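The residues making up each chain are set out below.
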Amino acid sequence: MLAFIAKSMAKPVRLVKPVSSVKLPGRYLTHQEGLPHLPVPPLQQTLERYMLALKPLVSQEEWNHTKQLVEDFRESGVGERLQKGLERRGKKMENWLSDWWLQTAYLEYRLPVVVHSSPGVVLPKQDFADRQGQLRFAAKLIEGVLDFKTMIDNEALPVEYLGGKPLCMNQYYQILSSCRVPGAKRDSVVNYSQVKKPPTHITVVHNFQFFELDVYNSDGTPLTVDQIFTQLEKIWGTSLQTNKEPIGILTSNHRNSWAKAYNNLIKDKTNKESVRTIQKSIFTVCLDAPMPRVSDELYKSRVAAQMLHGAGSRWNSGNRWFDKTLQFIVAEDGSCGLVYEHAPSEGPPIVALLDHIVEYTKKPELIRSPMTLLPMPKKLRFNITPEIKNDIEKAKQNLNIMVHDLDIKVFVFDGFGKDFPKKEQLSPDAFIQVALQLAYYRMYGQACATYESASLRMFRLGRTDTIRSTSVDSLHFVQSMDDPGKQNQEKIDLFRKAVYAHRLYTDMAISGKAIDRHLLGMKLLAIEDLVSMPEIFMDTSYAVAMHFNLSTSQVPAKTDCVMCFGPVVPDGYGVCYNPMESHINFSVSAFNSCAETNAARLAHYLERALCDVQQLIQHSPKSKL
Ligand code: COA
Ligand code: HC5
């Protein structure tokens, strides 16, 4: 099917350039070409909306100062010049933003991918509690991913829609057989899915030891679940020693340190080959060592931590290659999930894959096929010099600090799900976001800059823009909620107004009219084109607006699972939620090193806020709005 590209490309596609340069023929291409280009919003509109977004965040004095800077920006012609530059870029490129975004948000970002960038997903606990069950489930999971891969390869994935509009499907072609590679100043992503001979193996890691497992027969058919199970048993049996160097932990380090260690590591030919095998593999499966048991209440938070960072060098953090795009994690006690490297894709395609796998693993097994003798999966060797050993030790220390610093709380809100807001003719997402504003305001007595991911996939190669959840309307509502001088009806009206405002911003963002990426574009163009940085980007208000104490994302799934990620500022929270019909799965993260934040406390305030708003609405007659 992909023979057309296969012949012309012997090397992996290296994503220093945007993912865009991968050309796929057929149905996919026709679909992609029908998608609109991301527009550059009008300058005046963005500047006005920026001033409005600042209202609830800065003092009147700061606001007046910024207003002056914004006027200067416009009147001096600097804004217009940058605007024209962006518009030219928009005409030249498939997407004026995607490559910049890939570089600035991911490949040039130097903090470790662990906690700071790679999200985790906690899948429902599976019904097994021993090694047999673990390997059996892992085998089914592998088969499920291969089934999904066939749909990708055959371009048979159903096109997704948002707000009635078809979405860009490019990210699906970036998640398999790809891997991030560290670089001195910036990383890159390699993608082997469209090379002449695409890989037919996955990597499996157990007790910190990596194996190459071929998952296809020579005729191109995938191995059966039984065959994979037998291969996993062999891997297990040859990796019983627990005293191995956790080589994979190197990938958890600060990107500059890892890039240095990487260059040193791959000087050795055997090491280089092993690393290439991991990078090329279709995906990775981590067979994790058992973790300490915790109470039912703490269980999901414990698993979320295991997915995000592996729980430390003593536990499973060395049982990973964090640069790998997809790592499925299966433990002996039935816990399972995933950690993924964010550069190639947003959450929704990953979750679509997970939904498919979970359904697949539930299917009854097919009749056992006669077993052909398969070769032993190849163990990937690493020669550890004293220098590499030293790099591993340093990476361990840093990782353990990160592990101790991450405060994570996963909980299920079971008061209601999407059902209640829908019944009240309110957008469930906006409802949750406004409740979160209330929770934060009650804890801190003020509002903060809040980020919610909005999909730009209505546009070709679209990634995300920011929904700014803190608005003048959300502030009015949260200030009124606990004000004894306000009547319930007034509070309800203010709540509804805030919810509408959020939904309006969402519609604006998904149709390419939000302000954050436009401002970023002008800033990046100023770095390229201007001699000095325009003052609006050096202003305190700008810094406040970009300091997202609340970094949030809705990632809906069919599966009853929860996604999680770390905060993006030292004194912030990461909040991710999956709203189901009658409950909502939440994760809240924070850093222990920050005395002002506490994940469980915000979780508690959030639950209370959701309940209080429901009560308010239920116990009052329908609003006029
Ligand atoms: N009355 C009744 N029902 C309503 C309603 C109203 N006023 N407003 C919305 N609904 C319904 C919708 O029709 C929808 O129905 P469904 O469950 O049958 O699909 C449901 O409520 C959910 O809508 P809403 O809560 O408004 O959110 P959304 O699904 O439009 O999602 C975003 C909002 C911002 C999450 C979405 O636009 C988006 O961008 N998603 C991608 C985010 C992303 O990429 N995250 C990961 C980043 S890595
Ligand atoms: C498996 C779900 C992961 C969700 C990850 C996510 O939301 O990433 C955001 C991406 C973006 O561009 O908005 C970034 N964020 C975690 C910082 C919100």
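If you're wondering where the values come from, they're calculated on a predicted model, not measured in any experiment.

Trainee: Explain unusual backbone geometry here, please?
Mentor: Excluding glycine, residues mostly carry a negative phi; peptide bonds, for their part, are mostly trans. Here valine 115, not a glycine, exhibits a phi torsion of approximately 65°, which is positive. Residue placement: valine 115 occurs in the loop between α6 (98–107) and β2 (120–122). On the accessibility criterion, valine 115 (2% relative accessible area) is buried. The residue leucine 461 is not glycine, and still its phi comes out positive at about 60°. As for its position among the elements, leucine 461 is in the loop between β14 (449–455) and β15 (464–468). Assessed through its relative accessible area of 9%, leucine 461 is described here as buried.

Trainee: Teacher, can you tell me more about the nonpolar core here?
Mentor: As a rule of thumb, soluble globular proteins bury nonpolar side chains together. If you look at the biggest cluster of nonpolar residues, it comprises 56 residues, and the most contacted ones within it are Ile142, Ile202, Leu232, Phe283, Leu326 and Phe328. Of all the elements in the fold, those that place two or more residues in this core are α7 (131–153), β7 (201–206), β8 (209–214), α8 (225–237), β9 (284–288), β10 (326–331), β11 (336–340) and α12 (347–362). Top element by residues in this core is α7. It accounts for ten residues.

Trainee: Is there a simple way to explain the pairing of β7 in this structure?
Mentor: Each regular strand displays side chains that alternate between the two surfaces of the sheet. For β7, the buried fraction is high: six of the six residues fall into the buried class. Alternating positions in β7 separate into two faces, His201, Thr203 and Val205 on one and Ile202, Val204 and His206 on the other, with burial throughout. Looking at chain direction, β7 and β8 are connected through six bridges and run antiparallel. Directly across from valine 205, in β8, lies its bridge partner phenylalanine 210. Hairpin geometry of β7 and β8 is characterised by an intervening segment of two residues between the two adjacent antiparallel strands and by a positive phi of about 50° at asparagine 207. Bridge count between β7 and β9: four bridges; the pairing is parallel.

Scoring rules and cut-offs
Residues numbered from 1 in each chain as written. Chains lettered and ligands numbered in written order. Predicted model: local features only at pLDDT ≥ 70, side-chain atom pairs only at ≥ 80, totals over all residues. Heavy atoms only, no water. Helix = DSSP H or I, 4+ residues; strand = E, 2+ residues; numbered from the N terminus. Buried < 20%, exposed > 50% of the residue type's maximum accessible area, 1.4 Å probe, protein only. Core = buried A, V, L, I, M, F, W, Y, C linked by side-chain atoms within 4.5 Å. Pairing = 2+ DSSP bridges.

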